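# An overview of the molecular structure
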Amino acid sequence: MNHDQSHALFTRAQTLLPGGVNSPVRAFKSVGGEPFFVKRADGPYLYDVDDNRYIDYVGSWGPMIVGHNHTAVRQAVKQAIGNGLSFGAPCEAEVTMAETLTRLVPSCEMVRMVNSGTEATLSAIRLARGATGRSRIVKFEGCYHGHGDSFLVKAGSGMLTLGVPTSPGVPAGLSELTLTLPYNDVEAATALFAEQGEHIAGLIIEPVVGNANCIPPREGYLQHLRALCTQYGTVLIFDEVMTGFRVALGGAQAHYGVTPDLTTFGKIIGGGMPVGAYGGRRELMAQISPAGPIYQAGTLSGNPVAMAAGLAMLELVQEPGFHDRLSASAARLCAGLEAAAADAGVAVTTTQVGAMFGLFFTDQKVETYAQATACDITAFNTFFHAMLERGVFLAPSAYEAGFLSSAHDDSIIDATLEAAREAFKVVKG
Ligand code: PLP
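Because the structure is predicted, anything quoted here is derived from the model rather than measured. (Residues numbered from 1 in each chain as written. Predicted model: local features only at pLDDT ≥ 70, side-chain atom pairs only at ≥ 80, totals over all residues. Heavy atoms only, no water.)

Our focus in this paragraph is the packing of aromatic side chains. Summed over all chains, the structure comprises 19 aromatic pairs. On the numbers, 4.8 Å between centres and 75° between planes, the contact of Phe 36 with Phe 393 is edge-to-face. Residue Phe 36 is found in the loop between α1 (4-16) and β1 (38-42), and its partner Phe 393 is found in strand β15 (residues 392-393); the two are separated by 357 residues along the sequence. Residue classification places Phe 36 among the buried positions, given a relative accessible area of 10%. Grouped by ring-pair contacts, the aromatic residues Phe 28, Phe 36, Tyr 54, Phe 361, Phe 380, Phe 383, Phe 384, Phe 393 and Phe 424 constitute a single cluster. Seen from the ring of Tyr 45, Arg 53 lies directly overhead, with NZ or CZ sitting 4.0 Å from the centre. (Phe/Tyr/Trp six-rings, centres within 6.5 Å; stacked < 30°, edge-to-face > 60°. Helix = DSSP H or I, 4+ residues; strand = E, 2+ residues; numbered from the N terminus. Buried < 20%, exposed > 50% of the residue type's maximum accessible area, 1.4 Å probe, protein only. Lys NZ or Arg CZ within 6 Å of the ring centre and 35° of its normal.)

A few words now on the site of the ligand. The local shell around the ligand consists of Ser 116, Gly 117, Thr 118, Tyr 144, His 145, Gly 146, Glu 206, Asn 211, Asp 239, Val 241, Met 242 and Lys 267. Here Lys 267 contributes a side-chain N or O atom positioned 2.9 Å from an oxygen atom of the ligand. With the chains in place, 81% of the 390 Å² that the ligand exposes on its own is no longer accessible. The class makeup of the residues in the shell around the ligand is 3 nonpolar, 6 polar and 3 charged. (Near = heavy atom within 4 Å. Polar contact = N/O pair within 3.5 Å; in protein donor to acceptor, adjacent residues only side chain to side chain. Areas by Shrake-Rupley, 256 points an atom, 1.4 Å probe, with all protein chains shown as cover. Nonpolar A, V, L, I, M, F, W, Y, C, P; charged D, E, K, R; others polar.)

So this is what it looks like as structure tokens:
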């Protein structure tokens, strides 16, 4: 593959954008090499500026669940644009969006639109703190909730260790309020709540971890967290920015049958436009300004063009059988990857929930963050580049989930598996 144009753009970009990118993972730092620059995208494919074509398993990090550049979404955006780009006053599409979200995710009796997943999560913890009058929050190792200060924290090895910031610029006084637990560990959560439950405003979790590769919850785990939060009066927040409308129409909460107090959304609800939202029980949401005293606002929130894109996307994912078909494709892909790896003599396991999947270079079943980070990263990086050279774009990090879209039909999965059979041989060496 020729990458001359991408290389030239990356060279220009690096002098002006930190690391040459506007979001760190795009820079390929963890897999090595240089990113390609995208010219256009269509269906399951990305096309770069050197006219290379890639089957895309990143899907803009989740939003593109109906494939890139879908006609219905594009038409909706075109129509909305004809009426103006931003009003700074309420419009009908915001109401329709609120009606759609509350219907599809019944735990959300009211919602507030924002502009990114990060805004959604930091607004949700402000609400949890404001509503409970408490200041501590709990998050889980390996879960990512955007770049809000309170989330850029990792705990020390002891579960009760106060949070230590993972980024300079996060004040210690704030990160100390973030307690971190190991995901999928019932005892650790029970012990933390026994000790500090009465001080914990909110517990935020990715119900299926998608930011440490893909780690599904153990059976009963989310139910256990629900029970703890109910017992201690802690606001349970499901961060469904990734899982929402992806693992099932009603998100992970519908898939696992657990009702959170608040939910955060992003990605799919914007159809590729910059959108987020948070919602939950009416009694909590009614405390948000101007209905209540907890402040949160946004110049571009509820933007008419973004609402139009999101509503068109949400129409498409409601088609009967949509998620079953996606889930079947993802299962076929995962089974095929495991078989191809086994044929090549490479140890690989996969995880899958709906249209989200994980690929781990290990022979162990992965259920924890510690297991995910113990996998063979060098093997992943070799595999990543071998796939890229064969026209398949996986997330450029061993710690990201893979995303399928409805444009990934059988022929696309077959082409991916053909590339994977070769790429696993490269890994084997
Ligand atoms: N929450 C989760 C689970 C995410 O995966 C992400 C982003 O990947 C975010 C929050 C932050 O969303 P954004 O990048 O739109 O700010």
